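One-letter residues, chain by chain:
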Amino acid sequence: MTATIRLTMAQALTRFLSRQFTQIDGERLPIVGGVWAIFGHGNVAGLGEALWHERERLPTFRAHNEQAMAHAAIAYAKANMRRRFMAATTSIGPGATNLVTAAALAHVNRLPVLLLPGDVFANRIPDPVLQQIEDFGDGTVSANDCFKPVSRYFDRITRPEQIIPALQRAMQVLTDPAGCGPVTLALCQDVQAEAYDYPESFFEERLWTQRRPRADRDELKAAAEALKAAKKPLIVAGGGVLYSGASGDLGRFSAATGIPVCETQAGKSSLPDDNALNMAAIGVTGTQAANRLAAEADLILAVGTRLQDFTTGSWALFGAPGKTIIGLNVQPFDAGKHRALPLVADAREGLTDLSEALTGWKAPESWTAHAKAGKADWRKDAEKVTAASNAALPSDAQVIGAVQRTLGSDIVLLHAAGGLPGELHKLWQAGPPGSYHAEYGFSCMGYEIAGGLGAKMARPDTEVVVMVGDGSYLMMNSEIATSVMLGLKLTIVLLDNRGFGCINRLQNATGSASFNNLLKDTRHETLPEIDFVAHAGSLGAIAVKAASIAELEATLAQAKTNTRTAVVVIDTDPLVSTGAGGAWWDVAVPEVSERAEVRAARAQYDIERQHQRVGE
Ligand SMILES: Cc1ncc(C[n+]2csc(CCOP(=O)(O)OP(=O)(O)O)c2C)c(N)n1
Ligand SMILES: [Mg+2]
């Protein structure tokens, strides 16, 4: 007879989760860092009760917004290099649908998060319950069907025993380096409370280790041969390098072969910025050093990258005719993009095998020297734009310089949307792996502060510095209060340029008039004068305004000694961005318009599009 234990489905779920472990640097740790919860009908009675029982082994955290709590969970997983994750539970209806954007964010960024929205009654007896959407033609549809396209694995639990296979499947997805992403288990309200005799074996402790697939021999041979034939090889390092823990291997591979490395947003900090062969940012927001190599390279070894448009300059950046791409990626879907020679493997394993296959081979010295000279030139350009200034309205770049000078590189610098990602990708001098945390797969306004909270939970001993624009801040700031409540200190630098500066610049660059982006260009009775210091202070932060770059540096130096979340506000210029570096980005300009500026922009657009490689 199998030993069983009678539990509700929700109790079985929390008991199972609290018995899953991971191992990081020899330390055995719970793989689930905790559960974010906002209760309502649909989760308070069932899952809420179960979480209370398990509160010592599986901590529950309360936030102020469901999307924000999922952002925190996602940032936690990212800062843990996907080795640990968190769950988020909500009521049915609006609580659940508030999670959908975050699910999409995790999906795009290939990050693990377990979403547990409440769902309508499986027995349908009290229908329609509060917040039930009621599809006229399909009795199986609920608001949670919105999660299907943005979950790697979606399931609706309509019987208590279904949680047994569902949780095992969920763990496979959450721990698989290739298929990793959000898992949504929609938990019918009545089923959460229903009891079942679960086998005790289901709750045995389990240790999850990182899977590291090795390359197929033929793919490895083809990749090594292509590399040996290359005269101008270039490595593009993506987030997969960091998640694989392959930074050291990448540095050694680059040093041994003389192949320069450039980094995507997710891959930045794969190598420290002071490595002379690290060309740093590539693509639309890239450095001149990286992008001129990309234009000339005859071989691109793309490691752990999705090759999104910001990396490939909308596929106009890699200009050498007949170039070869090698896609070293744990996910075959990515490895074969743009007709690449696929090398399906874990980044660390793949680089180790390539190193062995290339023993004694080096890229031509002139190419390596060309790269190093470009990097040195770029540093001079970057120093100029980030230097201290006493401009009344400093640029984002000058603020970045001040943050870097005061706080150094050995912090977690976190950002997501607005003009900052472009400036930081180019200009931030990253330190150790993971010191640069960009959410630029979805570039979701409102990720920043909640994300900072999750990163701090993952790295409590590291200073977490969030850089955020006024637009993103206004979209989602409530987790400042949570950070104060939990004693998790963040340093938030808020750049107030009174509107959506980067979109206004994009609007102008595509020939349109300034319209509906900067606050002054919106329909208004009164121009809002938002007092961010008073606002952040009201949420419990130590809030200060810096009137200049010098004041910003002094305030940040002071903030280092704080133990409470600090928000430092500085007014910035909405019209300035860094001209050096960068590459074309495909943003479709109207083909007909009454505006001459739009027609001119379209003519230029048609010229630029000719550089796009189609079908390569
Ligand atoms: C949720 C969400 N809505 C809209 C956008 C499109 N968008 C990208 S940046 C931006 C403006 C951001 O404003 P702010 O945070 O002040 O940064 P700034 O552009 O001024 O540097 C907008 C609207 C987005 N990325 N995310
Ligand atoms: Mg702004």
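Residues numbered from 1 in each chain as written. Chains lettered and ligands numbered in written order. Predicted model: local features only at pLDDT ≥ 70, side-chain atom pairs only at ≥ 80, totals over all residues. Heavy atoms only, no water.

Asks: So what exactly am I meant to see when it comes to the overall build of the protein here?
Replies: The helix and strand tally for the protein stands at 24 helices and 23 strands. Overall, the protein is about 75 × 65 × 55 Å in size when its C-alpha atoms are taken along their principal axes. Of the contacts made within the protein by residues no fewer than 6 positions apart, 77% connect residues no fewer than 24 positions apart. Accessible surface, the protein: about 24,400 Å² in total, of which carbon and sulfur atoms supply 53%. (Helix = DSSP H or I, 4+ residues; strand = E, 2+ residues; numbered from the N terminus. Contact = heavy atoms within 4.5 Å. Areas by Shrake-Rupley, 256 points an atom, 1.4 Å probe, with all protein chains shown as cover.)

Asks: Would you take a moment to explain the coordination of the magnesium ion (ligand 2) for this structure?
Replies: Around a metal, the idealised angle for a tetrahedral arrangement of four donor atoms is 109.5 degrees; for an octahedral arrangement of six donor atoms it is 90 or 180 degrees. Each protein donor to the magnesium ion (ligand 2) is listed here as Asp 470 (OD), Asn 497 (OD1) and Gly 499 (O); together their distances run 2.0 Å. Mapped onto the polypeptide sequence, the residues donating to the magnesium ion (ligand 2) form the spacing pattern D-x26-N-x1-G. With a gap of 29 residues between them, Asp 470 in helix H19 (residues 470-475) and Gly 499 in the loop between strand E21 (491-496) and helix H21 (501-509) connect regions that are remote in the sequence. (Donors = N, O, S within 2.8 Å, 3.2 Å for Na, K, Ca; no water.)

Asks: How do you make sense of the pattern of salt bridges when you look at a structure like this?
Replies: Opposite charge on two side chains permits pairing when their charged atoms draw close. For the structure on display, the rule yields 25 salt bridges. A salt bridge links Arg 57 to Glu 205; its shortest N-O distance comes to 3.3 Å. One end of the pair, Arg 57, is in the loop between helix H2 (47-53) and strand E5 (60-62); the other, Glu 205, is in the loop between strand E10 (195-199) and strand E11 (206-208), and 148 residues separate them in sequence. On the basis of relative accessible area, Arg 57 is assigned to the partly exposed category, the value being 35%. Relative accessible area serves as the criterion here: at 46%, Glu 205 is assigned to the partly exposed category. Sharing partners across several salt bridges, the network here consists of Asp 119, Asp 145, Lys 148 and Arg 156. (Salt bridge = Lys/Arg side-chain N within 4 Å of Asp/Glu carboxyl O. Buried < 20%, exposed > 50% of the residue type's maximum accessible area, 1.4 Å probe, protein only.)

Asks: Is there a simple way to explain the site of ligand 1 in this structure?
Replies: Looking at ligand 1, there are 15 residues lining it, with Ser 443, Asp 470, Gly 471, Gly 501 and Cys 502 nearest. Here an oxygen atom of ligand 1 and a backbone polar atom of Gly 499 are 2.9 Å apart. Sorting elements by how many residues they give to the shell around ligand 1 places H19 first, with four residues. In the shell around ligand 1, the residues fall into five nonpolar, nine polar and one charged. (Near = heavy atom within 4 Å. Polar contact = N/O pair within 3.5 Å; in protein donor to acceptor, adjacent residues only side chain to side chain. Nonpolar A, V, L, I, M, F, W, Y, C, P; charged D, E, K, R; others polar.)

Asks: Explanation requested: the nonpolar core in the structure shown.
Replies: If you look at soluble globular proteins, the nonpolar side chains tend to sit buried side by side. With 75 residues, the main nonpolar core has Leu 301, Met 467 and Leu 552 as its most contacted residues. It is helix H16 (residues 396-407) that contributes the most residues to this core, six residues altogether. Contacts of Leu 301, omitting those with residues within four sequence positions, involve Leu 227, Leu 234, Ile 235, Val 236, Phe 253, Ile 326, Leu 328 and Leu 354. Listed in part, the 56 residues of the second largest apolar core include Ala 70, Val 100, Ala 104 and Ala 458. (Core = buried A, V, L, I, M, F, W, Y, C linked by side-chain atoms within 4.5 Å.)

Asks: What exactly am I supposed to notice about the sheet that holds strand E15 (residues 299-303) here?
Replies: The pairing of strands in a sheet happens through backbone hydrogen bonds and is either parallel or antiparallel. With parallel pairing, the six strands of this open sheet are ordered in space as E14-E13-E12-E15-E16-E17. The strands lining the two open edges of the sheet, one partner per strand, are strand E14 (278-281) and strand E17 (341-344). For this sheet, the mean angle separating the axes of adjacent strands, direction not counted, is 20°. Sheet topology note: the E15/strand E16 (residues 324-329) ladder contains five bridges and is parallel. Bridge pairing in E16 links Ile 300 to Ile 325. (Pairing = 2+ DSSP bridges. Axes fitted to C-alpha atoms, helices over the stretch in contact; angles between N-to-C directions.)

Asks: Whenever I open this one, the environment of Glu 356 confuses me. Can you help?
Replies: Structurally, Glu 356 is set in helix H14 (residues 347-357). For Glu 356 and Glu 134, which are 222 residues apart along the polypeptide, the C-alpha to C-alpha distance reads 60 Å.

Asks: Is there a simple way to explain the packing of aromatic side chains in this structure?
Replies: For any pair of aromatic rings, the description rests on two quantities: the centre-to-centre distance and the angle between the ring planes. In the structure shown here, the tally under the stated rule is ten aromatic pairs. A centroid spacing of 6.2 Å and a plane angle of 65° characterise the contact between Tyr 198 and Phe 203, whose relative ring orientation is edge-to-face. Note on Tyr 198: relative accessible area 0%, which makes it buried. Relative to Phe 318, the ring of Trp 315 has its centre 5.7 Å away and its plane inclined at 65°; by these criteria the two rings are edge-to-face. Of the two residues, Trp 315 and Phe 318, both sit in the buried class. What links up through ring pairs into an aromatic cluster is the set Phe 16, Tyr 196, Tyr 198, Phe 202 and Phe 203. Seen from the ring of Phe 203, Arg 15 lies directly overhead, with NZ or CZ sitting 5.4 Å from the centre. Across from the ring centre of Phe 21, 4.4 Å away, lies the NZ or CZ of Arg 28, which sits over that ring. (Phe/Tyr/Trp six-rings, centres within 6.5 Å; stacked < 30°, edge-to-face > 60°. Lys NZ or Arg CZ within 6 Å of the ring centre and 35° of its normal.)

Asks: So what exactly am I meant to see when it comes to the sheet that holds strand E4 (residues 32-37) here?
Replies: Spatially, six strands are ordered E5-E4-E6-E7-E9-E8 in an open sheet, and the strand pairing comes out parallel. Edge positions in the sheet fall to E5 and strand E8 (153-157), since each of these pairs with one other strand and no more. Within the sheet, the average angular offset between the axes of one strand and its neighbour, ignoring direction, is 20°. In terms of strand pairing, strand E6 (residues 85-90) meets strand E7 (residues 113-119) through four bridges, oriented parallel. Each residue of the ladder has a partner; that of Thr 89, found in E7, is Leu 116.

Asks: Honestly, unusual backbone geometry in this entry has me stumped. Any pointers?
Replies: Trans peptide bonds make up most of the peptide bonds, and negative phi angles are found at most residues other than glycine. Along the chain, Asp 127 connects to Pro 128 via a cis peptide bond; the corresponding omega equals -10°. By the secondary structure assignment, Pro 128 is in the loop between E7 and E8. Phi angles above zero are rare outside glycine, and Ser 314 is one such case at about 50°. Here Ser 314 is to be found in the loop between helix H12 (309-312) and E16.

Asks: Can you help me understand the packing of H16 against helix H23 (residues 549-559) in this one?
Replies: Angle between the axes and distance between the axes: these two values describe a pair of packed helices. Contact geometry of H16 with H23 gives a least axis separation of 9 Å together with a crossing angle of 35°. Considering the relative orientation of H16 and H23, their crossing is right-handed. Of the residues in H23, those in contact with Gln 398, Val 399, Ala 402, Val 403, Arg 405, Thr 406 and Leu 407 of H16 are Ile 549, Leu 552, Glu 553, Leu 556 and Ala 557. Within the contact of H16 with H23, the residues separate by chemical class into eight nonpolar, two polar and two charged. (Left-handed = near helix turned anticlockwise from the far one by under 90°.)

Asks: Help me understand helix H1 (residues 9-17) in this model?
Replies: It helps to recall that an α-helix has 3.6 residues per turn; residues three or four apart then point in one direction. Within H1, eight of the nine residues are buried, which leaves the element mostly enclosed by the surrounding structure. Of all the residues in H1, the buried ones are Met 9, Ala 10, Gln 11, Ala 12, Leu 13, Thr 14, Phe 16 and Leu 17.

Asks: Help me understand the side chain of Arg 82 in this model?
Replies: Note that Arg 82 resides in the loop between helix H3 (66-79) and E6. In this structure the side chain of Arg 82 is engaged in a polar contact, spanning 2.9 Å, whose partner is the backbone oxygen of Arg 110. For Arg 82, the contacting residues outside a window of four places in its chain are Ala 77, Arg 110, Leu 111, Pro 112, Pro 177, Cys 180 and Tyr 243.

Asks: Help me understand the state of the cysteines in this model?
Replies: As used in these notes, a disulfide is a covalent bond between sulfur atoms, one from each of two cysteines. On inspection of all chains with the given rule, the structure shows zero disulfides. With no disulfide of its own, Cys 180 lies 18 Å from the sulfur of Cys 444, the closest cysteine sulfur. (Disulfide = S-S within 2.5 Å.)

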